[in-house]
Structure formats: C-alpha cells, structure tokens
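Below, each chain spelled out in residue letters.
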Amino acid sequence: MRKLFLLERTMRKCSGSMFANIGMGSISVDQNLSKSQRILQYIGITLVAGAAMFFIGRFSMGIFGQFAADGLHTLAYEAICVGLMLICLFLATQKALSLFFLSGDNETLIHMPIRPGMIAFAKALVIYRSCAIATGMIGIPILIAAQICSGGTVISFAAAVLVPLLLPVPPVFYVVLLSIVMMRYIQIGKTKESRASTITVIFMLIMFLVPQLLNLLQKGVNTGGGVEAVVESLGNVIRIFEYIFPTTFLTVGSLQEGGILALVLLLAAILLIVAVYAWVADKLFLKAILQAGHHGSKQKVADEKTILRYGSASHSVKKAYARKERQLLFRTPVFFLQSVLLTLIMTVLFAVLCVFLLVRMMSEITEMGKMELGSYEAYIWYGALGVVLLISALAVAFTHVTSTCISREGKNFPYMKTMPVPMKTQLAVKSRIGLYMAIAGALPFVIIINYICLMLSVSPLFIPVSLIASMSVLVLGNDVQMYLDCSSPILNWENEYAAATNNHLLGSALGPLLFVAVLMGIGAGCYMICKTLWLPVIAVVLVAAVAGSWMLHNWLYAKAVKNIENL
Amino acid sequence: MIELNNLTKSYTGGQKKAVDNLSWKINDGEIAGFIGPNGAGKSTTIKMMTGLVSPDSGSVALNGFDITKDALRAKQQFAYVSDTPDNFLRLKVIEYLNFIADIYQVSEEDRNSRITDMAKRFDLMEVLERPIMEFSHGMRQKVMIMGALVHNPSIWILDEPMVGLDPNAAFTLKELMREHAAAGNSVLFSTHVLEVAEKLCDHIGLIVSGQMVFQGTMEELKGRYPKGTYLETIFMEITKNA
C-alpha cells in the first residue's frame, strides 16, 4: 500500500497542478517555502476554495428550490450526478491519454520491482484525485444546498458529501480501462503524433456522445411543448447516461430520504468496480506497455532530394518561428488537446446552439426590429457591448495557447535564449498564435450579436465599435496570459500535461474585461448626463480603450521580456 | 575569439559563488577543453558565455561582441550544444535543421550543402524525415550538433558533446573540431573524458569550486605538475588538494 501511494504521489507531482481542472492552474503549494509559509499557503488555498464553494452552494439553492417546488428534485439529482460524471469523463480522458497512452514513464517503472497492476492503479488514482477535486468542489456545495432545500436527514447530508467523491469512479474506470485496452490492442506507437491526435479526438467525441445529446435536446425544444418538453428531453438524455453509468440510480437513491441502503449498495458497487479494475489492470497493463512500445510501421528513408524539398520553404525568421510553434502545438497530443481542441469544440458547440436559438427567435427579433427604438438604442448598444465584452473575455480565458507559451518550451527554453532573435519578437510570435485562437473562439458570437443588433435596426456603427471593444479585451487578455506564463512558467516538466495546464486561470481575462468595462461604464455615465451626445461619448471611450490597450500591451510586453531574461 | 573577464556568479542569495572572478581567453585557431569536477562551475560559466545566465560581475566577449550589451550580434557568433539533447523532439530532423537555418538566415544553397555533408558524416541521411523523439540519446546528440553547426559560426561552445555518441560519431565530431580550428576559428568544449581533452585540445582550462586553477597548454600543465604523466593523474592531484 505504501508503494502504491508513493507511486501515486510521484506521478501526481509530474503531471501538473491538481487545480488546473477548475480554472486555477497555477495554484500549488511551493515546497521550497518554510513550514509556516506553506501552512499560510494552504490556508489561502482553502479560503479561496471555500469561498468558491460557498458561492456555488448559494447560487444552487435558488435553482434547486425551483426544481423541488415543481416536484422535480429526483430529476435534479439525476442531472447533477450525470453532469458531474460527464465532467469527470471529460477531465479523465485528457489525463488518461497523457498518463497511460502517451506517458514516458511506463518503460522506467516496469523495470522496478512493482506489480504492473500497481502502476496502472497508481495512475488511475492520480486521475481519480484530479477528478474528485473538481467534483468535490462543484458537487458538494450543490448537493448540500439541495439537501437544505429539501430538508434532508443526517444520512442525506453525509451522502451529499460522499457522493461527489464517489462519482468519479465509474467514468475514471471506463477511461483508464479503455486506455489500457487501446494500448494493448491498437498498435500506435507514442511517437505517431498525428495518429495519436486523431485517436484523441475520436476518443473524446465517442466519450461525450455530443451529437446524441444535441439531437435529443433539439428534439425536445422542437416539439414546441415549452418547459415540459425540455424536462422530458432532459429525462431522456439522463436515461441514456444511466445505461452508461449504472450506478447512477444508487447515487440518486442515496441522496434521497431513507437512502442508507442505496448508499451502502453504492459503496459496495464502487468497491467492486475498483476490484475489477485492479484485476484487469494486472492482467493487461504489462502487455499493453510492451505493445505500445513496439513500433512496427514502415519508416520513410530520406535522401538528398529530401533536403532540397524541405530547404525550399520560407526563410523568414518570424515565419520559421511561427511554423515551429504550430508544429509543436499541433503535433503534441496533450498540447493539441488542451490548448487547441477544447477551444474549438466549445466554440463550435456553443455557436451551433446560438444559431439554433437565433433561428427559433427570428420572427420575434424581426417584429422588434420594426419598432421605433428612440432612446432605447443606447441601452441596446450598451447591453450588446457588455455581452460582446464578456464573450471575448471568456474566449481568451479558455484559450490556453498563450498562457502556456513558455511552459510548453520546457527543455527547449535555453535555445530560446541563445537564439539571435529578440525575446520580444519570440514572444510576439508565440502570443499571436494564441490571439488568433481566441479571435476564432469569440468571432462567431460577435458576428451573431452584430447580426441581432442590425436586425433590431441598431446603427451599423455598432459593428466597428463592438469589434474594437472585443479586440481590446482579446489582445489585453492574451497579453496578461503571456505575462503570467513569463512570470511563473513550469520548465522542468517530465509530463507534458504539467506544462499544458500551467496558468489555467479564468481570472486572466478579468483585468482586461474590467478595464474595458470601466471605460464603457464611464461612457454610460456620460450618456446619462448629456442624453443626446451618446455617439460622440462612445467615440471618445473607444479612443481611450484603444490608447489604453496599446499602452498596457507595451507595458506587459516590457515586463514579460524582463521576466524571461531573469529566468 | 572568446574572452571571459573577471566573471562572477553567485547562487542562493550570494552565499555561494558558483563562478569566482574567472578570466580566460581562447584565441582563434584554438581548441579549448574545459574540465573540472561535477559542480565546479563549468556549466554556469558556459551558460554565462551563451547568455543563458547573467553574470553578477565581469564580461563575456565573443569575437569582440559583449553577450550582455550586444546580445544579438554576440549570439550570431557562436553555436551552442547543451548537455541535454532532448530538444524539439516532435520535429523531424530535417525540420529542426531548417528551423535553425531560418533563424540564423542561412542561404538555401549553404544549408543544403551543409546538411548533406553533415548528414553523411554523422550517418543520419536516411533518418532525416523521422521525428527526433524516436531516436536514442546518441542519435539526438548528433542531431543537436548538426543543428548547432548548420549556420557555420566561427565559435563553437559545446557542453559535454561526447556523451552518448558512438565511437564513429565521436571521431567525426573530433575531426570537425580540428577542421574548424584549423580554419582559424575557436572551439570550447567541456568534458569529463580527460583522454579526449588531452589528445584534442590546444588549451586546457581547469576549474575547481568556481575558480580557474589552471589555464594553458598541456605542456605547461605537465611542466607545473611534473609528477603527473597523464592529464588524469594531474587532475586527480589538483582536485584532491583543492
């Protein structure tokens, strides 16, 4: 048992911050600090986590109260449990691929006097802990709030604490087992990046059953039956996931009144799952490692013509640097998954949903567009601009290209410093790739909002104004991310996941958002004072936003370069 | 030409001097071997020479360009091979070499002829289209050496370049060093293989506890320590007494 926890701890340390999953990627306790300083850090982390949990719980009480009033508390429990297990599936998939399929430590560990099953078990435990932190922080406050609303018993409250910690077990079980089976039976060496990336994408899509989920939701809304139809389709979706996670009914049962038997059965089921996993892992893991390490595919044989072919590419320094960045980003499955794919999937999913809703509401919007806006136009301007700013902030916060631009370099970092290319140029090329990703994430939504505004007969001037405001937030958010990674990069990583999840801070976009929002607020205040001059006010605010963004951009670059030179 | 003037670098808040007032001059046409026990300050010195670490005091001039004051021009002067060859692993060998050639603005004609020549000498021609991560330590080291030399700088700074190389590759590298020095350029390399330093180097720098305890030719060294027949015995004597 001691060996197991030692293995787990070592692997955990090599795989990055445990808090990366909940948007707090740079939170970790610095082991170089003195004992008292470490205790203070622990207290700080606990306070932040406690505050976040309190707000989640407070927010959930209102929603659950509404569900309970409609007699839908069982559905609410099912939705919470299935939702949390889906989150685990999502998180575990990313982590399992890096810890099992693409891990470099398997060959080292397998030579040690440790049972292969124990290595597989320790890896699963790392994934479980990471998921349990996320489900615990989100699930415990929600379920406690639900128990307060429904007047739960002591057992129900205990279940509300226990269930979120048990929920990750089935999804983690599926993911790690599938990873081992893939390693065992699908011959893809870990160096075949393109294939590994493709498998990653397919793996995720299968796991999330996104198309089915969207179809079902769409059917529910299309029936035109309002809330009942949505509830029905939600129930249908949950039924599907109950087949995938058979423990769901025990989980839900244990949260309800008199659920002690269900709780005991749930614990027994979880123990059974763990035992089955331990047995299967012991049987398959060694063979899986041996198979994954076998590269039997044909290798290209190069010759002098190859040199001529590659040598004719562009010779510009910036283009070469950007090409290298893209190659490393897209070919490293963990980087691709964490920094590129998540943004793309989120954007596509939400954009499809927005377009769908827009189509549904088109007739209402057209009707509203025929009305005389008068003084309401200014309010629509500010409301729409607020949404544009928020979306831009979220797009940049969820794009993890720039926030990991230095960390991803790892052992390449010394080469960055010896290159005869100014550090500012290198950083500019790196952050530009992240900026393009963030723009790709925000642009579909900015276009949709602009389209709605035009439908509402808002002045076409809104288009340049919203684009400039959005770009200010995107550029500044991107710069803040670059500055953060230049200030606290992880360079000595063994596992790419550690680099890919560094500085996953949702707060990185809050500063720029606040800056532009304050300017917009000043504009709104000016409008209140001199009602007829709102267009000039907006023009002044925009000039201030652009000038301020430019100054902050330069300041952040100068600070980032200084930090890098001191590393 | 490499000139180190009174270089000093401290770690842990100035309590421990990793490099203490080190001065050294390596002339054009020389191969210099930088030797010393583990933790003596070799890597820190090399890091200061290449701009990876800023010195607390002192200066480094590469062909007359100061690495801190005129960093970009100084960086154009040298090729650097670090002690770990695990870099840019996801790139193919040919992509990596072209990347370095682009960064140093090497013309298409020059890069093609140099890559062809080195690929043949290091026996890497057939694997140019394979990702570096598929290779063993020694193969990776060969790729890093090729990358460092593709822009043909006048100064070579190599941190333990022989580690992991097979005898053929080690021989090729030594041959390349000799050719480069014979053409009037400077080569500095750190090593723990004293036989290599003894046979290859025109100039030896021995560092112990951050201080340069000897610099000069092999003959001068033997003259100062007449008991020692080989560099190994002299090294043992000096480091034992230090």
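What comes next concerns the included structure. Keep in mind that what you see is a predicted model, and the values were worked out from it rather than measured.

### With respect to the overall build of chain B
Okay, step 1: A count of helices and strands for chain B gives nine helices and ten strands.
Okay, step 2: For chain B, long-range pairs separated by at least 24 residues make up 67% of all intrachain contacts whose partners lie at least 6 apart in sequence.

### Re helix α1 (residues 42–49) of chain B
Residues and elements named next belong to chain B.
Okay, step 1: Among the eight residues in α1, six count as buried, and that is most of the element.
Okay, step 2: What α1 keeps buried is the set K42, T44, T45, I46, M48 and M49.
Okay, step 3: Among the residues trailing α1, G51 stands out with phi positive, at a value near 85°.

### Observations regarding the state of the cysteines
Okay, step 1: This model, assessed by the stated rule, comprises zero disulfides over all chains.
Okay, step 2: Its sulfur unpaired, C88 of chain A is 4.6 Å from the next cysteine sulfur, which belongs to C131 of chain A.

### Side note on the interface of chain B and chain A
Okay, step 1: Listed per partner, the contact involves 41 residues of chain B and 43 residues of chain A.
Okay, step 2: Summing the contributions of chain B and of chain A, the shared interface buries around 4000 Å²; its carbon and sulfur component is 59%.
Okay, step 3: Interface area lost by chain B to chain A is led by F88, R90 and E129 of chain B, which between them contribute 20%.
Okay, step 4: Viewed at the interface, chain A and chain B are joined by two salt bridges.
Okay, step 5: E95 of chain B serves as the salt-bridge partner of R331 of chain A, at 2.6 Å between the closest nitrogen and oxygen.
Okay, step 6: On the surface where chain B and chain A come into contact, there are seven residue pairs in polar contact (both at pLDDT 80 or more).
Okay, step 7: When residues of the side of chain B that touches chain A are traced back to their parent elements, those giving at least two are α2 (71–75), β6 (78–81), α3 (93–103) and α4 (108–121) of chain B.
Okay, step 8: Of all the elements, α3 of chain B adds the most residues to the side of chain B that touches chain A, at seven residues.
Okay, step 9: A per-class count over the side of chain B that touches chain A returns 18 nonpolar, ten polar and 13 charged.

### Description of helix α5 (residues 137–149) of chain B
Okay, step 1: Taking 1.5 Å as the rise per residue, α5 of chain B with 13 residues should run 18 Å; its terminal C-alpha atoms sit 18 Å apart, in good agreement.
Okay, step 2: Extensive coverage of α5 of chain B is indicated by the burial of eleven of its 13 residues.
Okay, step 3: All buried positions along α5 of chain B are accounted for by G138, R140, Q141, K142, V143, M144, I145, M146, G147, A148 and L149 of chain B.
Okay, step 4: Contacts made by the buried residues of α5 of chain B are with α17 (413–418) of chain A together with β6, α3, α4, β7 (155–159) and α6 (167–182) of chain B.

Scoring rules and cut-offs
Residues numbered from 1 in each chain as written. Chains lettered and ligands numbered in written order. Predicted model: local features only at pLDDT ≥ 70, side-chain atom pairs only at ≥ 80, totals over all residues. Heavy atoms only, no water. Helix = DSSP H or I, 4+ residues; strand = E, 2+ residues; numbered from the N terminus. Contact = heavy atoms within 4.5 Å. Buried < 20%, exposed > 50% of the residue type's maximum accessible area, 1.4 Å probe, protein only. Disulfide = S-S within 2.5 Å. Buried area = accessible area lost by both parts, 1.4 Å probe. Salt bridge = Lys/Arg side-chain N within 4 Å of Asp/Glu carboxyl O. Polar contact = N/O pair within 3.5 Å; in protein donor to acceptor, adjacent residues only side chain to side chain. Nonpolar A, V, L, I, M, F, W, Y, C, P; charged D, E, K, R; others polar. Expected span 1.5 Å × (residues − 1).

Honestly, it's all geometry; don't read function into it.
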